[in-house]
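Summary of structural features
The lines below spell out each chain.
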2 protein chains.
Amino acid sequence: MAQEKKLVEAITSMNEDFTQWYTDVIKKADLVDYSSVRGCMIIRPYGYAIWENIQKYLDARFKETGHENVYMPMFIPESLLLKEKEHVEGFAPEVAWVTHGGDEKLAERLCVRPTSETLFCDHYANIIQSYRDLPKLYNQWCSVVRWEKTTRPFLRTLEFLWQEGHTAHATADEAQQETITMLNVYADFCEKALAIPVIKGKKTEKEKFAGAKSTYTIESLMHDGKALQSGTSHNFGDGFARAFGIQYTGKENQLQYVHQTSWGVTTRLIGAIIMVHGDDSGLVLPPVIAPVQLVIVPVQMHKEGVLEKAGELKQRLSCVARVIMDDSDKMPGWKFSEHEMKGVPLRLEVGPKDIEKNQVVLVRRDTREKIFVSMDELETKVPQILEELQNALLERAREMRDKKTFKAETLDEFERTINETPGFIKAMWCGDRACEDAVKERTSATARCIPFEQETISDKCMCCGKPAKHMVYWGKAY
Amino acid sequence: MAQEKKLVEAITSMNEDFTQWYTDVIKKADLVDYSSVRGCMIIRPYGYAIWENIQKYLDARFKETGHENVYMPMFIPESLLLKEKEHVEGFAPEVAWVTHGGDEKLAERLCVRPTSETLFCDHYANIIQSYRDLPKLYNQWCSVVRWEKTTRPFLRTLEFLWQEGHTAHATADEAQQETITMLNVYADFCEKALAIPVIKGKKTEKEKFAGAKSTYTIESLMHDGKALQSGTSHNFGDGFARAFGIQYTGKENQLQYVHQTSWGVTTRLIGAIIMVHGDDSGLVLPPVIAPVQLVIVPVQMHKEGVLEKAGELKQRLSCVARVIMDDSDKMPGWKFSEHEMKGVPLRLEVGPKDIEKNQVVLVRRDTREKIFVSMDELETKVPQILEELQNALLERAREMRDKKTFKAETLDEFERTINETPGFIKAMWCGDRACEDAVKERTSATARCIPFEQETISDKCMCCGKPAKHMVYWGKAY
Ligand SMILES: [Zn+2]
Ligand SMILES: [Zn+2]
């Protein structure tokens, strides 16, 4: 037990220093390692396995909704990036430039894609001629690069992994529908797979994506009261189509511009999982995306029959869950805290006494609850407890978020609240950029979104007192 | 039928101009499109779906053999690339250099990874301390960049997709075993999934990977008699370990260097599929990796009951194969040649007369054979025919390769053979670099590999007449 303590004590407590806690967890749970390139992380097997589960789940949803995967080049010629004015202004300051190939200086610089709207548009201009070619529903899994000044693993890195959907439609209505459909896919995914409740809404003009007509977002709340933009879906209208000349011949033979969307989620979702569910013993992973759902720890494993029984249980349970057995030479207590650190949802302990009683002990990672289960019932009990745990995590996250969601009617109240009790603040807004700027300047909080579910906190803008147009979720964000 | 002809005539015949045939097929089968970046291709949905099937198959094999996926940064600092002398000499002339991030000039240039040995070594030096940390069996799916002068989609592009396995072992024996195990995984995959027979063997010193102790390869033969290196597996010995200081403490407490391997296959495998199985009607896809295994074409589909029946069959057959139904407004003949162009292994035709007889017509893509099958037997017949077709493709490819494999005892004979009947040439070699250079200079053929299965063609080197050490497969290569 001395060893167990040591491992647990090695991470900083959340309440003491949340930032340090986060850094400790990602290292000790073997999620990432730092690399020789500033701001770029190495995603280690355990971290990458979480990403693979995210990919698998989302990719299936994308395909069910009619999308196809493609692969675009990682380079964008400077002239192509320059084609859409707002877009280039948004991204040019933070791209990496390739200037030489081998020993030769390139005639035109290439940027490493920060996002691929320009490449998809260029391709769409080539392949879309008639209304019969529409819609085009493409998605790409890849990495992108943004030259950030300060970085933190998963949350903000120079290079990160993501998927970017890019679609082209015949009508504005269809594009709007797609934008919302994909936002809903993301929201569902966060709730059902990651056990993270989200606020769905629209970004303000100030916060929207460079080049978009409107940006929709799902916003989640971390344990420290900071907001995390967890996925975005953009309606481009025909802005890019006009810049890139993407036209099609309609049924009545008229030439028209397509309407486009794009949408993406990134490896920062792993950061969200850590910061929503984690605790002072480390990670807590929702079973749906946990690389390992159940770890079997044989107790007194050198006693006759223990290892055999544990192996037999592993075999049996592999049909209903992702199972490993830890038969390493470490002490059971050490193993317990190691797998707790890695957030394995369920632990199964089995020793000579359990075998005698034909039972095992299951221990839930979230509540530490010990559950005695007959060996004969394991195939039904394990999936059932995993499902309960998954639901409990969502419920707990929702309670946490609701407890950290506040209202404010005036900027004074707003400022006091955000400083004393960090979290979401619901407050009314007149719709003027000036007020949004004023809030940010005074509190460093931003408008996270104008939620679809509106409430009336008051009739007046909390900032200028003019009639309010929207209720907005505000917060300090990662 | 006029339309059908038009589509077929639109591609060049293989025998007339193989290069043009290849270009026609990849465009008409919707595999790729050209992009605005020189030498970079856009992999379109149909092409990418083939890659996804390749990934799925191989990734499962990698995991079965104990490997884990990770993700490394796409950038390598120049100083890191310089650490292993032979390696940097091999790659430095063909890398893309990032010199600016946003508006700032970087203090040190970063190259876009041409391969990631240096990054893995850097990481391994961090995480390997004890014999307990070994072996490390990592793999990565990503894209890499090599600044090639001339490019062709799938075969040689500036950027391509691949997987790169990188492993570290306690002993030289284990590393050698891993090298051969992974070569065998590749060879099995080519034969069983891609229906491409390969020659397994070792590369000569001249042809081996920059920095490797030895390189093993699988070589396949294309329809035009050119060889294609289809996968490689390298044993690095402890060369990189010494350059990067990757040491571990052994069981007896002594400090030792690890022994490493790397191995990879790329999207060029898609080029191999095209050039081994394709014909003058377009692609021919092996069922195991075909995105669509069966296309249902309703005939006289506006007659009562036809579409309903076709839809019902689609539903039924989706449980045993990857099925689509083409109920577009095009003429059946047009659809036939369109799906032939795309290499769909099996076509199912169903019309009013078939429905009357409770049967359908199945047409094999490879032989054009028409098979009448009772509707009641489809669930067993379709998988069975797909399996037969898969085996027939491998058989046909093996015959083609054997027919194009020749022997030569002298350089004169060698030169005549390779010019008159392009293919593999088996010939003896003394082992001297000078002879290998001479063969290349005179014929532009290279040593493809020293095959594991040796034969004695003669006792003497075909070039210098000195005693022969090895029988070598030679050929002109892509
Ligand atoms: Zn206001
Ligand atoms: Zn010789």
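What you see is a predicted model; the values in this text were computed from it and never measured.

1. Comments concerning the coordination of the zinc ion (ligand 2)
All names here are of chain B.
- For the zinc ion (ligand 2), the full set of protein donor atoms is Cys430 (SG), Cys435 (SG), Cys461 (SG) and Cys464 (SG), at a range of 2.2 to 2.3 Å.
- Relative to the metal, the four donor atoms surrounding the zinc ion (ligand 2) lie at angles of 105 to 114°, and the coordination shape comes out tetrahedral.
- Sequence positions of the residues that donate to the zinc ion (ligand 2) give the spacing C-x4-C-x25-C-x2-C. One end of the pair, Cys435, is in helix 15 (residues 433-443); the other, Cys464, is in the loop between strand 22 (446-451) and strand 23 (470-475), with 29 residues separating them in the sequence.
- For Cys435, a relative accessible area of 7% puts it in the buried group.

2. Here we look at the relation of the copies chain A and chain B
- Of the transformation placing chain A onto chain B, the axial shift is 0.0 Å and the rotation is 180°, giving an RMSD of 0.0 Å. What we have between these two chains is a two-fold relation. No C-alpha of chain A lies nearer the rotation axis than that of Val98(A), which sits 2.1 Å from it.
- The overlap is high: 100% of the interface residues of chain A also sit at the interface in chain B, so the same surface is used on both sides.

3. Things to note about the coordination of the zinc ion (ligand 1)
Residue and element names in this part refer to chain A.
- Within the first shell, the zinc ion (ligand 1) binds the protein through Cys430 (SG), Cys435 (SG), Cys461 (SG) and Cys464 (SG), at distances of 2.2 to 2.3 Å.
- As a motif over one chain, the donors of the zinc ion (ligand 1) read C-x4-C-x25-C-x2-C.
- Judged by its relative accessible area of 5%, Cys430 falls in the buried class.

4. What to know about the confidence of the model for chain A
Residues and elements named next belong to chain A.
- A residue-level look at chain A finds 98% of positions with pLDDT of 70 or above and a mean pLDDT of 96.
- In the predicted structure, residues 1-6 sits below a pLDDT of 50 and forms six contacts with residues beyond four places in sequence or in another chain.
- Complex prediction metrics read pTM 0.96 and ipTM 0.95.

5. What to know about a positive patch on the surface
- Together, Lys56(A), Arg322(A), Lys56(B) and Arg322(B) make up a region of like positive charge exposed at the surface.
- If you trace the backbone, Arg322(B) turns up in the loop between helix 10 (306-317) and strand 16 (323-325).

6. As for the packing of helix 14 (residues 411-420) of chain A against helix 15 (residues 433-443) of chain A
Residues and elements named next belong to chain A.
- Two elements in contact, helix 14 and helix 15, have axes separated by 11 Å at closest approach and are oriented at 40°. In terms of orientation, helix 14 and helix 15 fall into the oblique class. The crossing of helix 14 and helix 15 is right-handed. In this structure, helix 14 contributes Leu411, Asp412, Phe414, Glu415 and Ile418 to the contact, and helix 15 contributes Val439, Arg442 and Thr443.
- In terms of residue class, the contact of helix 14 with helix 15 is built from four nonpolar, one polar and three charged.

7. Concerning the packing of aromatic side chains
- Summed over the entire model, instances satisfying the criterion amount to 36 aromatic pairs over all chains.
- Judged by centre distance (6.4 Å) and plane angle (65°), the rings of Tyr186(B) and Trp263(B) are edge-to-face. Residue Tyr186(B) is located in helix 7 (residues 172-192), and its partner Trp263(B) is located in strand 14 (residues 259-266); the two are separated by 77 residues in the primary sequence.
- Given the relative accessible area of 1%, Tyr186(B) is considered buried.
- Residue classification places Trp263(B) among the buried positions, given a relative accessible area of 1%.
- Ring pairing ties together the aromatic residues Trp51(A), Phe62(A), Trp141(A), Tyr186(A) and Trp263(A), which thus form one cluster.
- Its guanidinium or amino end placed over the ring of Tyr478(A), Lys226(A) lies 4.7 Å from that ring's centre, counting from NZ or CZ.
- Taking the ring centre of Tyr57(B) as reference, the NZ or CZ of Arg61(B) above it sits at 4.6 Å.

8. Concerning the interface of chain A and chain B
- Contacts between the two partners involve 53 residues from chain A, matched on the other side by 53 residues from chain B.
- Run the count over chain A and chain B and you get four salt bridges.
- In this structure, Glu52(A) and Lys63(B) form a salt bridge, with 3.2 Å as the shortest nitrogen-oxygen distance.
- Across the chain A-chain B interface, the total number found is 23 residue pairs in polar contact (both at pLDDT 80 or more).
- Per element, the largest residue contribution to the side of chain A that touches chain B is six residues, and it comes from strand 5 (residues 96-101) of chain A.
- Tallied by class, the residues present in the side of chain A that touches chain B amount to 30 nonpolar, ten polar and 13 charged.

Scoring rules and cut-offs
Residues numbered from 1 in each chain as written. Chains lettered and ligands numbered in written order. Predicted model: local features only at pLDDT ≥ 70, side-chain atom pairs only at ≥ 80, totals over all residues. Heavy atoms only, no water. Donors = N, O, S within 2.8 Å, 3.2 Å for Na, K, Ca; no water. Tetrahedral: all angles 85-135°; square planar, octahedral: opposite > 155°, others 65-115°. Helix = DSSP H or I, 4+ residues; strand = E, 2+ residues; numbered from the N terminus. Buried < 20%, exposed > 50% of the residue type's maximum accessible area, 1.4 Å probe, protein only. Least-squares fit on C-alpha atoms with pLDDT ≥ 70 in both. Contact = heavy atoms within 4.5 Å. pLDDT = per-residue confidence, 0-100. Patch = residues over 30% accessible without salt bridge, like charges linked within 9 Å, V, L, I, M, F, W, Y side chains within 5 Å. Areas by Shrake-Rupley, 256 points an atom, 1.4 Å probe, with all protein chains shown as cover. Salt bridge = Lys/Arg side-chain N within 4 Å of Asp/Glu carboxyl O. Lys, Arg positive; Asp, Glu negative; His and termini not counted. Charge placed at Lys NZ, Arg CZ, Asp CG, Glu CD. Axes fitted to C-alpha atoms, helices over the stretch in contact; angles between N-to-C directions. Parallel < 35°, antiparallel > 145°, perpendicular 65-115°, else oblique. Left-handed = near helix turned anticlockwise from the far one by under 90°. Nonpolar A, V, L, I, M, F, W, Y, C, P; charged D, E, K, R; others polar. Phe/Tyr/Trp six-rings, centres within 6.5 Å; stacked < 30°, edge-to-face > 60°. Lys NZ or Arg CZ within 6 Å of the ring centre and 35° of its normal. Polar contact = N/O pair within 3.5 Å; in protein donor to acceptor, adjacent residues only side chain to side chain.

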